[in-house]
Amino acid sequence: MHIHILGICGTFMGSMAILARELGHKVTGSDANVYPPMSTQLQHQGIELMQGYKAEHLQPAPDLVVVGNALSRGNEAVEYMLDNGLRYTSGAQWLKENVLQDRWVLAVAGTHGKTTTASMLAWILEYAKMQPGYLIGGVPSNFSVSARLGSSPFFVIEADEYDTAFFDKRSKFVHYVPRTLIVNNLEFDHADIFDDLSAIQRQFHHLMRTVPSTGQVIYNADQESVAQMLEMGCWSEKVSAGQSREDDDCGHWQFKLLAADASHFALHLHGESVGEIRWQLTGIHNAYNAMMALIAARHVGVTPEHAIAALGCFAGVKRRMELIATVNNVQVFDDFAHHPTAIATTLDGLRKSVADERIIAVIEPRSNTMRLGCHSQQLMASVALADQVVWYQPEGLDWQLQDLLATADSSVDACVKNDIEAVVSAVVSQIKKDQKTHIVIMSNGGFGGIQQKIVARLAEQVAVV
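Each residue is numbered by its place in its chain's sequence as written, counting from 1. The predicted nature of this model means local features are confined to residues of pLDDT at least 70 and side-chain atom pairs, given and counted, to a pLDDT of 80 or more, with totals for whole chains, interfaces and linings taken over all residues. Just so you know, side-chain values use all the structure's heavy atoms and leave hydrogens and water out.

Explain the environment of proline 212 residue by residue, including any values.
Runs of E in the DSSP output that reach at least two residues are strands. Runs of H or I that reach at least four are helices, and both are numbered from the N terminus. Summarising the element assignment, proline 212 is placed in the loop between α6 (197-209) and β13 (216-220). Only protein chains enter the area calculation, which uses a 1.4 Å probe; residues under 20% of their type maximum are buried, those over 50% are exposed, and those in between are partly exposed. In this structure proline 212 comes out as partly exposed when scored by relative accessible area, which is 26%. Those residues in contact with proline 212 that sit more than four places away from it in its chain are Pro178, Arg179, Trp235 and Ser236. For this analysis, residues touch if any pair of their heavy atoms sits within 4.5 Å.

So this is what it looks like as structure tokens:
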């Protein structure tokens, strides 16, 4: 079968393309924005990529068109598909019918940490020689690709609450029917499709309704928004997880930090020690992620001891605080930050790891929610732990970053640039000889290839010296 995917370079659709190829289908795809790591991964898989959404991409007609949720009516390819009666479906529906049917699905949901937690969970099962299938919205460093079918009943999936397609406005994750469900956290996001937090909670509760009574729901016990969602009804076994506190009754899984940056922490169940994790990741958010993954793996038979050993050699995920270069005393990280909470927790973990060494944050507010300005007031507080922030004002942002900086009560040195090259120059000009500096580039898009531009300019600066 020839499957053509519209929006193939999205993290979900690109991973789905790999599964379709592994099933033996001919796979091609179109996208308006082609950038690594997904574009590189697809090309290595021998999948033909086409720039833009042209009707000619659907000539001759493929057997099936899989439509990504970024596509809408009025798109040239969509209109051609409908006018010519081509067979089409959504990525989530295709996945349910062709991959997830009859599998033990372990789904990772939540506003933050889905990609990292799903990667941890897949790696724990792999380390246990369970050969899981998985689909992850990123490229885990412990695997060569972001998706595979696997050779066991178990399938790990990153469960996204964003809508399915222009013809199916349900959240993608309601198609997955998990037996093991992680709910990491819940915050307001995706303002382009959700009116408020309660609307998101309703979608998560729709997902909860699909978990069988013999299944398990693992949830963040430290978030009121999650508790409110659970109060709407749960028909499966509930397992709570949170950070250790002195006033807690120890009635669930807990972690206790043994290092401020969360590079070392202990795990307890009902107050009894389960073990300690030492690893290369930092940030309290990753301690939550690790605990959730360990509990989910336990549900399918992996012992905590084995999971802890696996997490000790977990290598992270590309574009999640990925160290992409070290030039003299400067480290350059690439991070997929899309929300003020994600920015704040990432910088918190780095600050606790590097103490008083210099941190420069380079941020593009690119997500749909950011573009609408829904989190603009929280942005200034989210960067409080950086020494310098260089903001990029992308085209299409519905508000002015400069206006926000002018009214913000912040001690952080910051500037706004409207041009990628100007951002690069502003960042490199802040580098001081013999001073350790950490540059964190934050965007959920390609950011104009700024990552390699900064690295190249730093290398030129060293060569001149």
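After presenting the structure, the write-up continues.
I'd like a rundown of the pattern of salt bridges, residues and numbers included.
Oppositely charged side chains can form a pair if their charged atoms are brought close together. Salt bridges, as used here, are contacts in which a Lys or Arg side-chain nitrogen is within 4 Å of a carboxyl oxygen on Asp or Glu. Per the counting criterion, the structure on display carries eleven salt bridges. With a closest N to O distance of 2.7 Å, glutamate 79 and arginine 73 form a salt bridge. For the salt bridge of aspartate 387 with arginine 351, the shortest nitrogen-to-oxygen distance reads 2.9 Å. In this pair, aspartate 387 is assigned in the loop between α12 (376-382) and β21 (388-392) and arginine 351 in helix α10 (residues 340-354), connecting sequence segments 36 residues apart.

Give me the packing of aromatic side chains: which residues, what numbers.
Ring pairs shown here join Phe, Tyr and Trp side chains whose ring centres sit within 6.5 Å, with only the six-membered ring taken for Trp; geometry is labelled stacked below 30 degrees between planes, edge-to-face above 60, and tilted in between. Counted according to the given criterion, the structure contains eleven aromatic pairs. Where tyrosine 88 meets phenylalanine 167, the ring centres are 5.0 Å apart and the plane angle is 70 degrees; that geometry is what we call edge-to-face. With tyrosine 88 in strand β5 (residues 88-90) and phenylalanine 167 in the loop between β10 (163-165) and β11 (168-171), the pair connects residues that are 79 residues apart, well separated along the chain. With a relative accessible area of 34%, tyrosine 88 lands in the partly exposed category. You can call phenylalanine 167 partly exposed: its relative accessible area is 34%. Through pairs of rings, three or more aromatic residues link up here, namely Trp123, Tyr127, Tyr134 and Phe143. Geometrically, a lysine NZ or arginine CZ counts as sitting over a ring once it is within 6 Å of the ring centre and also within 35 degrees of the ring normal. The ring centre of tryptophan 104 lies 5.6 Å from the NZ or CZ of arginine 179, which sits over that ring. Seen from the ring of phenylalanine 336, arginine 320 lies directly overhead, with NZ or CZ sitting 4.2 Å from the centre.

Just give me the short version of the side chain of threonine 89, but keep the residues and values in it.
Along the chain, the position of threonine 89 falls in strand β5. Using a relative accessible area of 12% as the deciding quantity, one classes threonine 89 as buried. Apart from the residues within four sequence positions on either side, threonine 89 is in contact with Leu64, Val65, Val66, Val67, Trp94 and Phe167.

Requested: an account of helix α14 (residues 420-428), with residues and values cited.
For α14, the set of buried residues is Ile420, Val423, Val424, Ala426, Val427 and Val428. Here α14 starts with a cap whose side-chain oxygen sits 3.0 Å from the backbone nitrogen of glutamate 421, and that cap is aspartate 419. What qualifies as a polar contact is a pair of N or O atoms within 3.5 Å, subject to a donor-acceptor requirement within protein and to the restriction that residues adjacent in sequence count only when both atoms come from side chains.

Summarise helix α5 (residues 114-127); cite the residues concerned and give the values.
Compared with an ideal rise of 1.5 Å per residue, which puts 14 residues at 20 Å, α5 spans 20 Å between its outermost C-alpha atoms and is within 8% of the ideal. Burial analysis of α5 places twelve of its 14 residues in the buried class, which makes it a mostly covered element. Within α5 the residues assigned to the buried category are Lys114, Thr115, Thr116, Thr117, Ala118, Ser119, Met120, Leu121, Ala122, Trp123, Ile124 and Leu125. On its buried side, α5 packs onto β6 (104-109), β7 (133-135), β9 (154-158), β12 (180-183), α8 (284-299) and α9 (304-312). Taken from the residues just after α5, lysine 129 is the one with a positive phi, measuring 60 degrees. To estimate the expected span of a helix, count its residues, drop one, and scale the result by 1.5 Å.

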